[in-house]
Amino acid sequence: MAERKPVIITPQQLEEQRAYMNEILNLPQRPRSYYVVTYGCQMNAHDSEILAGMLRDMGMDEAPDRENADFVIFNTCCVRDNAERRALGNVTWLKEVRKRNPNLIIAVCGCMIQQPGMAEKILKQYKFIDLAFGTTNLYKLPELLCRRLNADRAVVEVEDVDTIAEDLPVKRLRRDAAYITIMYGCDNFCSYCIVPYVRGRERSREMEAILAEAQQLKDSGVKEIMLLGQNVNSYGKGLEGNVTFAELLRRLDAMGIPRIRFMTSHPKDLSDELIRVMGESKHILPQFHLPVQAGNDEILHQMNRRYTREQYLNRVRALREAVPGIGLTTDIIVGFPGETEEQFQDTMSLVKEVGYDSAFTFIYSPRTGTKAAAMENQIPEDVATDRIQRLIALQDECQKKAMARFVGMEDEVLVEGLSRRSKTAVSGKGRHGVSITLPGSEADIGEIVRVRVTEIKNNTLMAERT
Ligand code: 5AD
Ligand code: SF4
């Protein structure tokens, strides 16, 4: 793939968008309320926070639900077929709502739209969609909406460029915890994965811009930041100077934000330096999301993951040595083209060997344009379903065993909300990323509470306050 330079969106370009926002504010027929429906990963969740920030600045309030909004945006995902189908199903259903509210504007954006030729295809099939735009021109929402409001036909804009836009408005979902994107895109081209095609080439934000955003969040009282990127371990590639993810973490750790997390990491780029920084840091949480995808070397090779089972296990050992008791989570795909029962058993044995705190398990889903979609030996659905069921059962068992190490341990919980089971209990994540329930009330939400884990009940860690 040819080298592409990232395009930095200039302050002037953002000023232009501000002008469109003001134009919309003066339109009598402008929408007054919005609702954003988000599919997929944290990257999308954060993009939705930016969409909401721009909509707020265009004078719209968030509607309680999509049925009561004037403007609904579907921020889509296309990493697996079911994410696409769900989004299109919900878009179609909204067509009925328009019969009641003829002024309703429906937009579809994000990864699904960024696929080559997809926007045109969808608009042909779903004629009631007003607006479609991709992942790289999110910042243009004011302009696109303005064009739609001034003309009576659909507006489509998908650009094949790799943008970085700083200082966009953002309306954050939580006050105590915040996302910070540190890098965009991915250059890894794992053979099953559509992400490099819809999120573009890998590019990193300047470290100073990230540190400034983190400082601002800290000053506003945020207690936890989550650094986001498709492959955060290779942060800094293409930037001037010797900038690494380990260095970024060191600088953030020194800032004194109580809790720092990040995702996603690629095992091949997980450096010893990064592991050392994790071991030495105060605020980087003892948890690591390290997708393995498969436990068999031949399948890993076919997936273009560029590590072996042994190299992966070596990284796990190094992490556990530097950060004893570290919380480990992973992603696993079953039913990759050509996967034999024997090769699947290698994934099962790896899961047993590592003992993850949790695993996201997926049935392989062919994605048009990827290398694996063109491979022979696609695995029948019933075989893949049977494998994933066995894998989930095994992981459940391993998870129970892994949880036992927390009983008796002192920990800190960032309280997220009231417990679903009791009115006098709250729950949140401990430092290792595992959910913990403790006695408490609404007043604890957004606070960090010191606890001691007492027992495991219904697969949940229960704790007392200390
Ligand atoms: N089929 C199934 N799972 C996939 N993932 C990515 N692409 C596919 C696909 N085509 C999974 C990987 C990745 C996670 C975000 O989604 O496990 O780590
Ligand atoms: Fe997809 Fe692989 Fe990039 Fe992850 S590292 S986004 S799985 S191509």
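Parameters and conventions
Residues numbered from 1 in each chain as written. Chains lettered and ligands numbered in written order. Predicted model: local features only at pLDDT ≥ 70, side-chain atom pairs only at ≥ 80, totals over all residues. Heavy atoms only, no water. Pairing = 2+ DSSP bridges. Helix = DSSP H or I, 4+ residues; strand = E, 2+ residues; numbered from the N terminus. Axes fitted to C-alpha atoms, helices over the stretch in contact; angles between N-to-C directions. Left-handed = near helix turned anticlockwise from the far one by under 90°. Contact = heavy atoms within 4.5 Å. Domains from an automatic or database assignment. Buried area = accessible area lost by both parts, 1.4 Å probe. Salt bridge = Lys/Arg side-chain N within 4 Å of Asp/Glu carboxyl O. Polar contact = N/O pair within 3.5 Å; in protein donor to acceptor, adjacent residues only side chain to side chain. Nonpolar A, V, L, I, M, F, W, Y, C, P; charged D, E, K, R; others polar.

### Considering the sheet that holds strand S16 (residues 358–363)
Then, number 1: Across the sheet, three strands lie side by side as S14-S15-S16; this open sheet has parallel pairing. This sheet does not close on itself; its edge strands, each paired only once, are strand S14 (287–289) and S16. The sheet shows a mean angle of 10 degrees between the axes of neighbouring strands, taken without regard to direction.
Then, number 2: Two elements, S14 and strand S15 (residues 327–334), share three bridges in a ladder whose sense is parallel. Within the sheet, the bridge partner assigned to Gln 287 lies in S15 and is Gly 327.

### Notes on unusual backbone geometry
Then, number 1: With an omega of 10 degrees, the peptide bond running from Met 263 to Thr 264 counts as cis.
Then, number 2: Within the chain, Asp 167 stands out as a residue other than glycine whose phi angle is a positive 60 degrees.
Then, number 3: Summarising the element assignment, Asp 167 is placed in the loop between strand S8 (163–164) and strand S9 (177–181).
Then, number 4: Despite not being glycine, Asn 459 has its phi angle at roughly 65 degrees, a positive value.
Then, number 5: Checked against the element boundaries, Asn 459 lands in the loop between strand S20 (448–457) and strand S21 (460–465).

### Re the pairing of S21
Consecutive residues of a regular strand have side chains that alternate between opposite faces of the sheet.
Then, number 1: Sheet topology places strand S19 (residues 435–439) next to S21; two bridges connect them, and they run parallel. Looking at S21, one finds that Thr 437 is bridged to Met 462.
Then, number 2: Looking at chain direction, S20 and S21 are connected through six bridges and run antiparallel. Paired with Arg 452 across the two strands is Glu 464, which belongs to S21.
Then, number 3: The hairpin formed by S20 and S21 contains two residues between the paired strands, and Asn 458 there has a positive phi angle of roughly 45 degrees.

### Examining the packing of helix H1 (residues 11–25) against helix H6 (residues 141–150)
Then, number 1: In the contact formed by H1 and H6, the axes pass within 8 Å of each other and the chain directions differ by 40 degrees. The interaxial crossing formed by H1 with H6 has left-handed handedness. Contacts from Gln 17, Tyr 20, Met 21, Glu 23 and Ile 24 in H1 reach Leu 141, Pro 142, Glu 143, Leu 145, Cys 146, Leu 149 and Asn 150 in H6.

### As for the sheet that holds S20
Then, number 1: Ordered by their spatial adjacency, five strands build a closed barrel running S17-S18-S19-S21-S20, and the pairing between neighbours is mixed. Strand-to-strand twist in this sheet, taken as the mean axis angle between neighbours without regard to direction, amounts to 55 degrees.

### A few points about the domain arrangement of the chain
Then, number 1: Domain assignment breaks the chain into domain 1 (7–161), domain 2 (174–285), domain 3 (298–406) and domain 4 (407–465).
Then, number 2: Relative to domain 4, the C-alpha centre of domain 2 lies at a distance of 27 Å.
Then, number 3: Residue-level contacts link ten residues of domain 2 with eleven residues of domain 4.
Then, number 4: Buried area between domain 2 and domain 4, both sides added, is near 790 Å², and the carbon and sulfur share of it is 49%.
Then, number 5: Contact with domain 4 buries area across many residues of domain 2, yet Lys 223, Arg 259 and Leu 285 alone supply 58% of it, more than any other trio.
Then, number 6: Connecting domain 2 to domain 4 are one salt bridge.
Then, number 7: Residue Glu 447 is joined to Lys 223 by a salt bridge in which the shortest nitrogen-to-oxygen separation is 3.9 Å.
Then, number 8: Where domain 2 meets domain 4, there are four residue pairs in polar contact (both at pLDDT 80 or more).
Then, number 9: Residues belonging to the side of domain 2 that touches domain 4 are distributed by class as follows: four nonpolar, no polar and six charged.

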